[in-house]
Amino acid sequence: ITLEALLMARRRGMKTEKEETQLSVEETNDNESMMSSNSDNVGSVTGGGDEEDGKAQMQPLMMDSSVASSATPITAGDNTSAIRKLINSNPEFFGQALKFLFCFLGLQASYLTWGYMQELIMTSEFEPTKSSPDGKFPSAAFCVFSNRFLAIIVAMIAVKLRHGSVLANNTAPLIAFAPCALSNTMSSWSQYASLRYVSFPVQTVFKSSKIIPVMLMGKFLKGTAYPCTQYAEAALITAGVAIFSIASKEPKGDSDTSFAGLMFLCLYIFFDSFTSQWQDKVYHKYGRANVDPYQMMLGVNASAICITTAGLIITGDFPIVYEFLKANPAVFQYNVITAITSASGQLCIYYTIKEFGPIVFTIIMTTRQMISICLSAVIFGHVITLKALVGAVLVFGVLFYQIRRKYNARKQKSAEAK
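Here the structure is a predicted model, which is why all the values come from computation and not from measurement. (Residues numbered from 1 in each chain as written. Predicted model: local features only at pLDDT ≥ 70, side-chain atom pairs only at ≥ 80, totals over all residues. Heavy atoms only, no water.)

Caption draft 1: Spotlight on the nonpolar core. Within the largest apolar cluster, 50 residues are counted, with the highest numbers of intra-cluster contacts made by L107, M122 and F137. Residue contributions to this core peak at 9 residues, all from helix α6 (residues 140-163). Residue contacts for M122: discarding those within four places in its chain leaves K136, F137, A140, C143, Y192, L195 and R196. A234, F244, I373 and L399 belong to the second largest nonpolar core, which has 17 residues in total. (Core = buried A, V, L, I, M, F, W, Y, C linked by side-chain atoms within 4.5 Å. Buried < 20%, exposed > 50% of the residue type's maximum accessible area, 1.4 Å probe, protein only. Helix = DSSP H or I, 4+ residues; strand = E, 2+ residues; numbered from the N terminus. Contact = heavy atoms within 4.5 Å.)

Put into structure tokens, the structure is as follows:
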């Protein structure tokens, strides 16, 4: 029994070693097969490009998730959401900024065209007539009359459509607009008349200096107190616009400044300052919600048309102008264009004064000269000198500071309200 048991145990041991050897061989074959497969895969990545004309490229087997997330491109949706977040942080400021942009573009488009046509009418030499042998347009008052004539028609239509009646639903009586109508008429007449008597630099300095007189007139009419910083900003804007304008354009050699021209410019500054402040006073007295720009336009032009018509009759300019327009029909077209742009400009004026006050309106109109010169430089290839650039930097630096200050003030106000 012992011998048979030993033989059986030996047979079992030999069988076990054979099975282990077989398993070892199979594992070796499997490993070789896996290595061969991996080698084939690597070859397909690295060498496949030669077979497919370089279309396939090696790709990393693993990528760090942090690297992948940091490499994510910024989409347009992200930019849009960032802009919305900025607007929502201070909606009142950006709402006012949109209104201001509308006013700014409307005023610039209207009065850049109006100013060009105005100078074309008053300084060009046309076909001489018996009453105007020099060929110059004979009546600045008629230019004012034509502007007021179209403006009152536009105002009546607008008020009728908006309020259902031309006069019945107006809170402010027409007499309340008479003072600013008179000053507006005198301001326009003085500006037209001054074009014949002043040189370009003097005219530029006077037009650039309207901001401080407007502030002084506001203190006189309404008792408005402006901080010293605002006077300093107004002085810097005035200096910057004057430097930019004078340095960007050479004065005409045959244009001299006379005492009459200086007087006309002084009258223009005085009456123009009074006009915007009185209009703001009407808004304050009767309520900004009760007087819209169309009613303001109707009230001012209703009185102005009476004043200009009486002036033309007293001076006898109607027959003289009729004779001149008959000999120069192009001048009539110029007057029509001037009247259209004056009407659109008036709508923008009254809306700007209602929303932002007379100081902001005056700043917009003062910087209009700079916009005009820049457009001229772009269109006609004129060179803007270094001195002019210094003036522009001064003006826009002050304006940027004012915008930034108002933005921070409104943002702080919104935060306190929350």
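Caption draft 2: How the structure looks around the environment of A388. Structurally, A388 can be placed in helix α16 (residues 386-417). Here A388 falls in the buried class, since its relative accessible area comes to 0%. Sequence separation between A388 and I246 is 142 residues, and the spatial gap between their C-alpha atoms is 7.8 Å.

Caption draft 3: Seen up close, the packing of α6 against helix α7 (residues 178-194). Running from N to C, α6 and α7 cross one another at 135°; their axes reach a closest spacing of 8 Å. In terms of orientation, α6 and α7 fall into the oblique class. Where α6 crosses over α7, the handedness of that crossing is right-handed. Contact residues: A140, A141, C143, V144, N147 and R148 in α6; N184, T185, S188, W189, Y192 and A193 in α7. Split by residue class, the contact of α6 with α7 holds 7 nonpolar, 4 polar and 1 charged. (Axes fitted to C-alpha atoms, helices over the stretch in contact; angles between N-to-C directions. Parallel < 35°, antiparallel > 145°, perpendicular 65-115°, else oblique. Left-handed = near helix turned anticlockwise from the far one by under 90°. Nonpolar A, V, L, I, M, F, W, Y, C, P; charged D, E, K, R; others polar.)

Caption draft 4: Representation of the packing of aromatic side chains. Inspection of every chain in the model, using the stated rule, returns 15 aromatic pairs. Judged by centre distance (6.1 Å) and plane angle (85°), the ring pair of F126 and F324 falls under edge-to-face. Of the two residues, F126 sits in the loop between α5 (91-123) and α6 while F324 sits in helix α13 (residues 317-327), which places them 198 residues apart along the sequence. For F324, a relative accessible area of 0% translates into the label buried. (Phe/Tyr/Trp six-rings, centres within 6.5 Å; stacked < 30°, edge-to-face > 60°.)

Caption draft 5: A look at the pattern of salt bridges. Scanning the entire structure with this criterion turns up 5 salt bridges. R288 is paired through a salt bridge with D280; the nearest N and O atoms lie 2.8 Å apart. Residue classification places D280 among the buried residues on the basis of a relative accessible area of 3%. One connected set of salt bridges, linked through shared partners, spans K222, D280 and R288. (Salt bridge = Lys/Arg side-chain N within 4 Å of Asp/Glu carboxyl O.)

Caption draft 6: Local environment of the side chain of T129. Along the chain, the position of T129 falls in the loop between α5 and α6. What T129 contacts, discounting residues up to four positions off in sequence, is E323, F324, A327 and N328.

Caption draft 7: Region of interest: the packing of helix α11 (residues 259-286) against helix α14 (residues 329-356). Interaxial distance between α11 and α14 falls to 10 Å at its minimum, and their mutual angle equals 60°. By the criterion of interaxial angle, the relationship of α11 to α14 is oblique. Seen along the crossing, α11 lies across α14 with a hand that is right-handed. For the pair α11 and α14, contact is made by S276, Q279, D280 and Y283 and by I349, Y350, I353 and K354, respectively.

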